[in-house]
Amino acid sequence: MATVPLVEKPPAPAVEPPAPNPRKSIRSYWRLYAAISPFYLLFLAFGLIPVGFSLYLSFHRWDGLGSMEYAGLSQYKYLLTDTDFWSSIGNTIIIWALATFPMIFLAMVTAVMLNSAVRFKKIYRFAYFLPNVTSVVAVAIIFGSVFSTNFGLVNALLQAVGLDQVAWLNTPWGIKVAIATLMTWQWTGYNAIIFLAGLQTIPGELYEAARVDGAGPIQTFFRITLPMMRPVLLFVLVISTVTGLQSFSEPQVLLQTTANESTFSGGPDHAGRTMVLYFFQQTFDNNDFGYGAAVAWGIFLVVVIFSIINWRLVQRRGED
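Read on for a plain summary of the structure. The shown structure was predicted, so the numbers you read here are calculated from the model rather than taken from an experiment.

Parameters at a glance
- Residues numbered from 1 in each chain as written.
- Predicted model: local features only at pLDDT ≥ 70, side-chain atom pairs only at ≥ 80, totals over all residues.
- Heavy atoms only, no water.
- Salt bridge = Lys/Arg side-chain N within 4 Å of Asp/Glu carboxyl O.
- Helix = DSSP H or I, 4+ residues; strand = E, 2+ residues; numbered from the N terminus.
- Buried < 20%, exposed > 50% of the residue type's maximum accessible area, 1.4 Å probe, protein only.
- Polar contact = N/O pair within 3.5 Å; in protein donor to acceptor, adjacent residues only side chain to side chain.
- Contact = heavy atoms within 4.5 Å.
- Core = buried A, V, L, I, M, F, W, Y, C linked by side-chain atoms within 4.5 Å.
- Patch = residues over 30% accessible without salt bridge, like charges linked within 9 Å, V, L, I, M, F, W, Y side chains within 5 Å.
- Areas by Shrake-Rupley, 256 points an atom, 1.4 Å probe, with all protein chains shown as cover.
- Phe/Tyr/Trp six-rings, centres within 6.5 Å; stacked < 30°, edge-to-face > 60°.
- Axes fitted to C-alpha atoms, helices over the stretch in contact; angles between N-to-C directions.
- Parallel < 35°, antiparallel > 145°, perpendicular 65-115°, else oblique.
- Left-handed = near helix turned anticlockwise from the far one by under 90°.

This part covers the pattern of salt bridges. All chains considered together, the criterion is met by one salt bridge. Between R273 and D84 there is a salt bridge, with the nearest N and O atoms lying 3.6 Å from each other. Note that R273 is positioned in the loop between α12 (249-254) and α13 (275-285) and D84 in helix α4 (residues 83-116), a separation of 189 residues in sequence.

Mapping S240 onto the fold places it in helix α11 (residues 230-244). Under the relative-accessibility criterion, S240 is labelled buried at 6%. A polar contact of 2.7 Å, which involves the side chain of S240, links it to the backbone oxygen of V236. Ignoring anything within four residues of it in the chain, the contact list for S240 reads W96, T100, M103 and N191.

This next bit is on the nonpolar core. Within soluble globular proteins, side chains that are nonpolar tend to cluster in buried spots. Core analysis: the largest hydrophobic core is formed by 20 residues, its most contacted members being F143, F147, L169, I179, L182, L254 and L255. Broken down by secondary-structure element, the contributors of at least two residues to this core are α4, α6 (136-146), α7 (153-160), α8 (172-199) and α12. Beyond its immediate stretch of four places on either side in the chain, L255 contacts L169, I175, I179, G266, G267 and G272. By size, the runner-up hydrophobic cluster in this structure holds 18 residues, among which are M103, A107, F195 and M229.

Position of E250 among the secondary structure elements: in helix α12. Look past the residues within four positions of E250 in its chain and what remains in contact with it is V136, A140, I179, L182, M183 and Q186.

Bringing α13 into the picture now. Residues of α13 that are buried include every one of M275, V276, L277, Y278, Q281, Q282 and T283, and no others. Backbone geometry just downstream of α13 places N287 in the positive-phi region, at approximately 55°.

A cluster of nonpolar side chains, Y29, L32, Y33, I36, F39, Y40, F43, L44, L48 and I49, forms an exposed patch at the surface whose accessible area comes to about 1100 Å². Turning to its location among the elements, L44 is positioned in helix α2 (residues 30-57).

Another aspect to go through is the packing of aromatic side chains. The final tally for this structure, using the stated rule, is 22 aromatic pairs. Ring centres of F147 and W168 lie 5.5 Å apart, and the angle between their planes is 75°; this geometry places the pair in the edge-to-face category. Taken together, the residues span a long stretch of sequence, with F147 in the loop between α6 and α7 and W168 in the loop between α7 and α8 at a distance of 21 residues. In this structure an aromatic cluster arises from ring pairing among W62, F248, F264, F279, F280, F284 and F289.

Running from N to C, α4 and helix α5 (residues 121-133) cross one another at 160°; their axes reach a closest spacing of 9 Å. Comparing the axis directions of α4 and α5 gives the class roughly antiparallel. Where α4 crosses over α5, the handedness of that crossing is left-handed. In this structure, α4 uses T110, L114 and N115 to contact α5, whose residues at the interface are K121, Y124 and Y128.

Pasting the structure below:
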């Protein structure tokens, strides 16, 4: 009896799944969107809208009460020729340099010491981080007493070693050194904790191999620790640039002047008037909100430029 060969059935045509309806997917996840909506609403109300309004305001003249007057690019043209603004940029850069580079060095040394400590690690970390959570106003008042001309601790130490007193808060360079010292004291512990976190991610096998090869502590630091810490160093440098170029509370409280002068003047000869202090002076002392907005965008541009420069320098050294 002949067998009939089996004929395979043709495969059924693939049925494409229906295209998802975006409206339906949004409706199905409305609870999740509602849960995260407060952040975006607050960011919109207190972040995005004020930033957009400040950009709009920078093209107008406004005293805060009357009607706005369109000024076009005249605010920015005057900003480019404003000697007081450029002077505030110079003061800010000098204070930032005097504070940032010693702070990074001290933070790195502190982190290495904390990483090698055996006992009381948590106590040391808390002690070094404490200045960062202390009120800036309180710290500035204390540093004002420390750098006082007649009764300050710094001048007392100078006299103890036979040196003359220095009018720290009455001379241009003394003002800058005092502000930079305050900022260094405030941020060293914070950055030391960040460096410590980076040090703890370096494999211990690298240090063991270096010891076997006869490398000393200095060679180990420059050949292993520093290259491995480059991303953390870049992060600290950029954050220090952003915060240092926006310094306000430190010079404002440390250099409070008499009632006849502005609290945003920056001390004698405006030596401590930073960019943000100048912004406050133009906005709230002179009631020139339009020009103050232009100054704020100028500050933003300076911070961005310096952050890019620092990022490029560190990246280039890493490539070399």
